[in-house]
Protein chains: 2
Amino acid sequence: MEKIKPRTLSGFMELLPAPQIQMERFLQTLRETYSLYGFTPLDTPLIESAEILLAKGGGETEKQIYRFQKGDADLALRFDLTVPLAKYVALHAGELSFPFRRYQIGKVYRGERAQRGRFREFYQADIDIIGDGKLDIANEAEIPSVIYTTFIRLGLDRFQIRVNNRKILSGFYAMLDLSEKAGEIMRTVDKLDKIGPDKVREILIDDVGLSCAQADEILRFIGIQGTNAEVLSALEGYRGQNELFDTGLEELATVTKYLAAFGVPQTHFAVDLTIARGLDYYTGTVYETVMLDHPEIGSICSGGRYDNLAEYYTDRQLPGVGISIGVTRLFYVLQEQKLLSSAMNTAPAEVLILPMTADVTAAAEVATFFRGCGIRAQIYTEQKKFKAKMSYADKLGIPFVAFLGEDEINAHKISLKNMTTGQQELLSGTEAANVILEDLRIRNNAKLIQG
Amino acid sequence: MEKIKPRTLSGFMELLPAPQIQMERFLQTLRETYSLYGFTPLDTPLIESAEILLAKGGGETEKQIYRFQKGDADLALRFDLTVPLAKYVALHAGELSFPFRRYQIGKVYRGERAQRGRFREFYQADIDIIGDGKLDIANEAEIPSVIYTTFIRLGLDRFQIRVNNRKILSGFYAMLDLSEKAGEIMRTVDKLDKIGPDKVREILIDDVGLSCAQADEILRFIGIQGTNAEVLSALEGYRGQNELFDTGLEELATVTKYLAAFGVPQTHFAVDLTIARGLDYYTGTVYETVMLDHPEIGSICSGGRYDNLAEYYTDRQLPGVGISIGVTRLFYVLQEQKLLSSAMNTAPAEVLILPMTADVTAAAEVATFFRGCGIRAQIYTEQKKFKAKMSYADKLGIPFVAFLGEDEINAHKISLKNMTTGQQELLSGTEAANVILEDLRIRNNAKLIQG
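Residues numbered from 1 in each chain as written. Chains lettered and ligands numbered in written order. Predicted model: local features only at pLDDT ≥ 70, side-chain atom pairs only at ≥ 80, totals over all residues. Heavy atoms only, no water.

K.L.:
Any chance you could explain the overall build of chain A here in plain terms?
P.N.:
A count of helical and extended segments in chain A gives 16 helices and 16 strands. Within chain A, the fraction of its 451 residues that count as buried is 59%. Considering only contacts within chain A whose residues lie at least 6 apart along the sequence, 68% involve residues at least 24 apart. A total of about 18200 Å² of accessible surface is found on chain A, and carbon and sulfur atoms cover 47% of it. Treating the 51 positive side-chain charges of chain A as one cloud and the 60 negative ones as another, the clouds have centres 6 Å apart. (Helix = DSSP H or I, 4+ residues; strand = E, 2+ residues; numbered from the N terminus. Buried < 20%, exposed > 50% of the residue type's maximum accessible area, 1.4 Å probe, protein only. Contact = heavy atoms within 4.5 Å. Areas by Shrake-Rupley, 256 points an atom, 1.4 Å probe, with all protein chains shown as cover. Lys, Arg positive; Asp, Glu negative; His and termini not counted. Charge placed at Lys NZ, Arg CZ, Asp CG, Glu CD.)

Here you go:
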């Protein structure tokens, strides 16, 4: 028969079994951590009506979206999880309780130009808290806690959550009478890390058309640094000139004030006036998260406060706050940087049972017993040489092999070999299970990320 | 602003939060159970090259598939998890260890005519064991154990796994010199449950063109019933006339023999000679699973042994055995039949913390403490009347509410109200956590399905 060459589309991540187990751990950690904060899981279709997904429309989205006809329906694949959330909340508002806290972890699609580390299909992991008409600032203060706990549970310690408030920025530019140019200024200031202050100043003057005094004032403002207390104190110097600014400052002070109570250490949090995020969407607190040893990766978890989730679908005012982790890209970077822990268990089973007799009844009984104890167990029944069987366990990284020959069966025992130490013991089923479970307990302490 | 009416496409399941938590439990139970048997998780793209997905081609698949162009690429959404597995194994064979046991739980797409209970996007949950060249019969004997444990863990008890062997059927029809008509006969026999034996006989004679004697012989054969031992004993009567039949009988006897060792009670297993499954794919053991109280639903978990997984992509002989659960359809039916347990916890949190002071520091500290104990905790900080706050907890089914007023804060205590009993106690944080965890332990014993 003529064969078709098997291939996976470029820009689509397809993992081998061991890294896939690491990815599963990633997703499971996100599910568990998000749940701890009262976020309820949501799952929406990957396909929606194109009209729904493109309600906002314009720009990159239209170009990148996967859109197609089926019958006479104009369909598209979701390109993020925010638009489906907006649709969901607008559609089901009457059946939801507000504030509505949901998490969603799912694949989204963007037909970007293929390049290394860019994916056309990728997991996003979002949390959002949606209010009905209003949403208290305390929700914004809680978000850094979710981010902190998530990364700590994943095993990452060297990261920092950076927070700003869009009201402070908008208020500040209003003070300078630059409200109309605020968007352009923020886009320029956003490049500070990449191009440096001198270049930012140059663009602000030459391209945006600010005076030298205005540019200097802006650079002085975004140059405010120090501890959270120091930055807040410096901001106090601007108070009283613009109402929006003052509100933003109150909010930022509130978010900072509750950090400790929410379990976020000062070391992992910084007020950073250069953070602006997307321009037309966020209206209050904004968040970015950077890996301190890998700033080149950019933000690994971002989001913020917005005033109106679903304005394209409903008149109902639905303010919210949310963050998103680009899971596939982060996983890819962690792999590339060799930051995924090698201590994490990636074997498909804790124990491989090798029957040494033609009849596998005893082996099946042992497997059933182990599984009842919560131990992942596999029986190897293929007719292969002993060496090939051991090599199978070895390649898969299965930590224990249980031999069951005539002697073991007659003695109601198992020969259990620890593949790490090479040690082999004759044990009862219960003894063997305890040895395996104790080893598993230690193995499972290993987190996904090292460092 | 002109609003776009929010809607979800017909044929796409989108659940409200409480049933979504039930669905998550369903998926998590599958992940955990499949893992116990040494199946490793796999995740493949939803989009593949159309050429890959349609390698086999023909029939319903071509009509139902979601196929579209992006740039000059001819793409399609996967319509099952078997074709992507075939591609995966053919592509990565050199990096896999065989037997390769994988599970995959993911959405697949079929543009079927929309009707109640038919979905165009639905979850399948598949396990397969793939051998390299050969695969021992013991793997086929183990599959009923996976099915049994899966449904028991989901909470279903009234089900039966029905097993047959295609070699027995093919061998039997060869004995009658009806090999060429075997496909047609099996398709007819497959309707036995629906149309009854008289109608089957009529079709076999009138449409398939068998003699009355042949039709009677077939009806006698598929009419063999009784305990597994009785059916096997009746089949012994046919031994020695056809080699394929004899091999099939050996295999069926082996599968049946190991049942007890694999923990499957006789009550949940039946040799059933009327089971045939899809015609051109399966070559050995075939499985179906029926809910005893709802036979009208049809098989809820089916599969079988096949000889060649990836013949369209590789010359490598890859025999396998697998089963699949149509999760979305089964979930829908369980919902419709009111078989989802109302005892299962579907709240987004175990405890809602109500700060009774303007400052929420103490509430945030309590939330952080609870979360550290593994308790899902939410703080309610909106400015609402007390009644509205209690009603929020009530509507979401949150089992505990923790009040934190001046008195509680000064005494370093929490007023914990059990929403089920109405009882309220003044407790320390640790005491409150223990009360909640104990309640949670009991709640979590409730399974997804009742009965």
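Next, the rest of the story.
K.L.:
So what exactly am I meant to see when it comes to the relation of the copies chain B and chain A here?
P.N.:
Copies of the same chain, two in number, are related to each other by a rotation about an axis and a translation along it. Each copy of the sequence occupies a distinct position, and chain B is placed on chain A by a rotation of 180° and an axial shift of 0.0 Å, giving an RMSD of 0.0 Å. Classification of the inter-copy transformation places it as that of a two-fold axis. Distance from the rotation axis, computed per C-alpha, reaches its smallest value in chain B at B:F68: 2.9 Å. (Least-squares fit on C-alpha atoms with pLDDT ≥ 70 in both.)

K.L.:
Please explain the interface of chain B and chain A as it appears in this structure.
P.N.:
Interface size is often expressed as the accessible area that is lost when the parts come together. If you look at the interface, chain B gives 102 residues, while chain A gives 103 residues. A combined buried area of about 8600 Å² lies between chain B and chain A, and 58% of that area is made up of carbon and sulfur atoms. One can count 12 salt bridges joining chain B with chain A. In this structure, the salt-bridge partner of A:D359 is B:K257, at a minimum N-O distance of 2.7 Å. The element contributing the most residues to the side of chain B that touches chain A is helix α1 (residues 17-36) of chain B, with 8 residues. The residue makeup of the side of chain B that touches chain A, split by class, is 51 nonpolar, 21 polar and 30 charged. (Buried area = accessible area lost by both parts, 1.4 Å probe. Salt bridge = Lys/Arg side-chain N within 4 Å of Asp/Glu carboxyl O. Nonpolar A, V, L, I, M, F, W, Y, C, P; charged D, E, K, R; others polar.)

K.L.:
Mind showing me how you'd approach empty space enclosed by the protein here?
P.N.:
Which parts of space are left empty comes out when a probe the size of a water molecule is rolled across the atoms. Under the criterion given, the structure shown has 5 cavities of 30 Å³ or more. Looking at the largest cavity, its volume works out to about 580 Å³. Elements that contribute at least two residues to the lining of the largest cavity include exactly α1 (17-36) and β5 (100-109) of chain A together with α1 and β5 (100-109) of chain B. In terms of residue class, the lining of the largest cavity is made up of 14 nonpolar, 4 polar and 10 charged. Here the second largest cavity is characterised by a volume of approximately 100 Å³. Broken down by secondary-structure element, the contributors of at least two residues to the lining of the second largest cavity are α1 and β6 (121-130) of chain A. The greatest single-element share of the lining of the second largest cavity, amounting to 3 residues, is contributed by β6(A). For the lining of the second largest cavity, the class distribution of residues is 5 nonpolar, 3 polar and 4 charged. (1 Å grid on protein atoms, 1.4 Å probe; cavity = no way out; pocket = protein on both sides within 12 Å on 5 of 7 lines; lining within 4 Å. Points joined across faces, edges and corners; volume = space filled by probe spheres on them.)

K.L.:
Where do I start with helix α4 (residues 82-92) of chain A in this structure?
P.N.:
The buried fraction of α4(A) is high, at 9 of 11 residues. Within α4(A) the residues assigned to the buried category are A:V83, A:P84, A:L85, A:A86, A:K87, A:Y88, A:V89, A:A90 and A:H92. Against the buried residues of α4(A) lie β2 (47-49), α2 (50-53), β5 and β6 of chain A together with α1 of chain B.

K.L.:
Quick question: what am I supposed to make of unusual backbone geometry here?
P.N.:
Residue and element names in this part refer to chain A. Note that the residue after F98, namely P99, is joined by a cis bond; omega there is -5°. Relative to the elements of secondary structure, P99 occurs in the loop between α4 and β5. In this structure, K338 takes a positive phi of about 55° despite not being glycine. Here K338 shows up in the loop between α12 (327-336) and β12 (351-355). Owing to a relative accessible area of 66%, K338 belongs among the exposed residues under this scheme.

K.L.:
Would you mind going over the packing of helix α6 (residues 166-175) of chain B against helix α11 (residues 243-257) of chain B with me for this structure?
P.N.:
What describes two packed helices is the angle between their axes and the distance between those same axes. Residues and elements named next belong to chain B. Taken N-terminus to C-terminus, the directions of α6 and α11 make an angle of 150°; their axes are 7 Å apart at the nearest point. Between α6 and α11, the interaxial angle falls into the category roughly antiparallel. Taken as a pair, α6 and α11 cross one another with a handedness that is left-handed. Every residue of α11 that contacts α6 at K167, I168, S170, G171, F172 and M175 is listed here: L244, F245, T247, G248, L249, E251 and L252. Among the residues making up the contact of α6 with α11, the classes are represented as 7 nonpolar, 4 polar and 2 charged. (Axes fitted to C-alpha atoms, helices over the stretch in contact; angles between N-to-C directions. Parallel < 35°, antiparallel > 145°, perpendicular 65-115°, else oblique. Left-handed = near helix turned anticlockwise from the far one by under 90°.)

K.L.:
How should the sheet that holds strand β4 (residues 73-77) of chain B be read in this particular structure?
P.N.:
Adjacent strands of a sheet pair through backbone hydrogen bonds, lying either parallel or antiparallel. Residue and element names in this part refer to chain B. Ordered in space as β2-β4-β3, the 3 strands form an open sheet in which the pairing is antiparallel. Whereas interior strands pair on both sides, the edge strands pair on one side only; in this sheet they are β2 (47-49) and β3 (67-70). In this sheet, adjacent strand axes meet at a mean angle of 40° when their direction is disregarded. Bridging between β2 and β4 involves 3 bridges; their strand directions are antiparallel. Bridge assignment links I47 to a residue of β4, and that residue is L77. (Pairing = 2+ DSSP bridges.)

K.L.:
When you look at the packing of aromatic side chains in this model, what are you seeing that I'm missing?
P.N.:
Centre distance and the angle of the planes are the two values used to describe a pair of aromatic rings. As enumerated under the stated definition, the model contains 37 aromatic pairs over all chains in all. When the ring of A:Y281 is compared with that of A:Y282, the centres are 5.3 Å apart and the planes differ by 65°; the resulting orientation is edge-to-face. You can call A:Y281 partly exposed: its relative accessible area is 22%. A centroid spacing of 6.1 Å and a plane angle of 45° characterise the contact between A:F369 and A:F370, whose relative ring orientation is tilted. Judged by its relative accessible area of 0%, A:F370 falls in the buried class. In this structure an aromatic cluster arises from ring pairing among A:Y66, A:F68, A:Y109, B:Y66, B:F68 and B:Y109. (Phe/Tyr/Trp six-rings, centres within 6.5 Å; stacked < 30°, edge-to-face > 60°.)

K.L.:
Explanation requested: the pattern of salt bridges in the structure shown.
P.N.:
Opposite charge on two side chains lets them pair, provided their charged atoms get close. All told, the structure shown has 52 salt bridges over all chains when counted by the stated rule. The partner of A:E51 in a salt bridge is B:R7, and the shortest N-O contact between them spans 3.1 Å. Here A:E51 is found in helix α2, whereas its partner B:R7 is found in the segment before α1 on a different chain. A salt bridge links B:R220 to B:E217; its shortest N-O distance comes to 3.0 Å. Linking B:R220 with B:E217, this pair stays in helix α9 (residues 212-222), spanning 3 residues, or about one helical turn.

K.L.:
Before we go on, may I ask you to explain the sheet that holds strand β12 (residues 351-355) of chain B in this structure?
P.N.:
Residue and element names in this part refer to chain B. Here we have 5 strands laid out as an open sheet, ordered β13-β12-β14-β15-β16, and mixed in their pairing. In this open sheet, the two strands that pair with only one neighbour each are β13 (377-379) and β16 (424-427). Neighbour-to-neighbour, the strand axes of this sheet turn through a mean angle of 25°, independent of strand direction. Pairing of β12 with strand β14 (residues 400-404), which is carried by 5 bridges, proceeds in the parallel orientation. Directly across from L352, in β14, lies its bridge partner V401. The strands touched by helix α13 (residues 361-372) are β12, β13, β14 and β15 (414-418); relative to β13, the strand with the most contacts, the crossing angle is about 170°. Against the sheet, helix α14 (residues 386-396) contacts β12, β13, β14 and β15, and its axis sits at roughly 165° relative to β12.

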